[in-house]
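# Structural features, examined
The chain contents come next:
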Amino acid sequence: MIYTWTKSLHLLFVIAWMAAVFYLPRILVNLAEAGDHPAVRERLLLMGRRLYRFGHVMFGLLLVLGLLLWMGYRIDPIGWPRVVAGGWMHAKLTLVAFLFAYHIVTARLLKRVQSGGTLPSSKALRWFNELPIFLALGAIWLVIAKPF
């Protein structure tokens, strides 16, 4: 039963983190299009900072729970299944690492704006916003198909 709860919470935190990964670049797009409206810019910066913090906490929780799912059998061999991690797990973890790096890059862009720097064009940021969809799709496919 604890395994099922751990897996459920892990998936919940993955969904919450991915919400932050998908929405933070949208805030950057809105910042790029905000122009000279200081109140709007300040509100978007506040939203961005809070969302980044939220996403970071969600990633930490999903990471801890993911490690527990992967290695839980070492703690309680009877209550936890042994996860046979083939090459698919390494590939999935690589995609997750790229998603985390993407999250960090968006935070750096947000910090650049806070310190008075400029952003790429809103069109470039819209394209940048699409990148995590393909990384997430790859990770989901690897988990479901376990191709190797």
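Above this text you will find the structure in question.
We now turn to the structure provided with this report. For clarity, every value in this text was computed on a predicted model and none was experimentally measured.

What counts, and where the lines are drawn
- Residues numbered from 1 in each chain as written.
- Predicted model: local features only at pLDDT ≥ 70, side-chain atom pairs only at ≥ 80, totals over all residues.
- Heavy atoms only, no water.
- Helix = DSSP H or I, 4+ residues; strand = E, 2+ residues; numbered from the N terminus.
- Expected span 1.5 Å × (residues − 1).
- Salt bridge = Lys/Arg side-chain N within 4 Å of Asp/Glu carboxyl O.
- Buried < 20%, exposed > 50% of the residue type's maximum accessible area, 1.4 Å probe, protein only.
- Contact = heavy atoms within 4.5 Å.
- Phe/Tyr/Trp six-rings, centres within 6.5 Å; stacked < 30°, edge-to-face > 60°.
- Axes fitted to C-alpha atoms, helices over the stretch in contact; angles between N-to-C directions.
- Parallel < 35°, antiparallel > 145°, perpendicular 65-115°, else oblique.
- Left-handed = near helix turned anticlockwise from the far one by under 90°.
- Nonpolar A, V, L, I, M, F, W, Y, C, P; charged D, E, K, R; others polar.

## Some points on helix α1 (residues 2-33)
Side chains that are three or four residues apart share a direction in an α-helix, a result of its 3.6 residues per turn. For α1, built from 32 residues, the straight-helix expectation of 46 Å at 1.5 Å per residue is met to within 8% by its first-to-last C-alpha distance of 47 Å. Just downstream of α1, Gly-35 is the residue with a positive phi angle, here 65°.

## Topic: helix α3 (residues 87-114)
For α3, with 28 residues, the first-to-last C-alpha span of 41 Å sits near the 40 Å given by 1.5 Å per residue. Just past α3, the residue Gly-116 takes up positive phi, approximately 95°.

## Some points on the pattern of salt bridges
Tallying each qualifying case throughout the model produces one salt bridge. For Glu-33, the salt bridge is made with Arg-126, and the minimal N-O distance between the two is 2.5 Å. Placement of the pair is Glu-33 in helix α1 and Arg-126 in helix α4 (residues 122-145), with a sequence separation of 93 residues. Take Glu-33: its relative accessible area is 42%, and that puts it in the partly exposed class.

## Considerations on unusual backbone geometry
Backbone geometry places Lys-146, a non-glycine residue, at a positive phi of 45°. Tracing the chain through its elements places Lys-146 in the segment after α4.

## Focus: the environment of Leu-135
Inspection of the secondary structure assignment puts Leu-135 in helix α4. C-alpha separation for the pair Leu-135 and Leu-95, spaced 40 residues apart in sequence, amounts to 5.9 Å. Excluding anything up to four places from it in sequence, Leu-135 contacts Leu-95, Phe-98 and Leu-99.

## Thoughts on the packing of aromatic side chains
Counted according to the given criterion, the structure contains four aromatic pairs. Ring geometry for Trp-17 against Phe-59: centres 4.9 Å apart, planes inclined by 55°, an arrangement best described as tilted. Taken together, the residues Trp-17 in helix α1 and Phe-59 in helix α2 (residues 38-75) connect sequence positions 42 residues apart. Exposure remark for Trp-17: the relative accessible area of 2% places this residue in the buried category. Residue classification places Phe-59 among the buried residues on the basis of a relative accessible area of 12%. Geometrically, the ring pair formed by Phe-59 and Phe-100 is stacked, given 4.3 Å between the ring centres and 25° between the ring planes. Of this pair, Phe-59 sits in helix α2 while Phe-100 is found in helix α3, placing the two residues 41 residues apart along the sequence. By relative accessible area, Phe-100 is classed as partly exposed at 24%.

## Describing the packing of α1 against α2
The interhelical angle for the contact between α1 and α2, taken along N-to-C directions, is 155°, at an axis separation of 8 Å. In terms of their interaxial angle, α1 and α2 are classed as roughly antiparallel. Handedness of the crossing formed by α1 with α2: left-handed. When grouped by side-chain class, the residues that make up the contact of α1 with α2 number 24 nonpolar, six polar and two charged.

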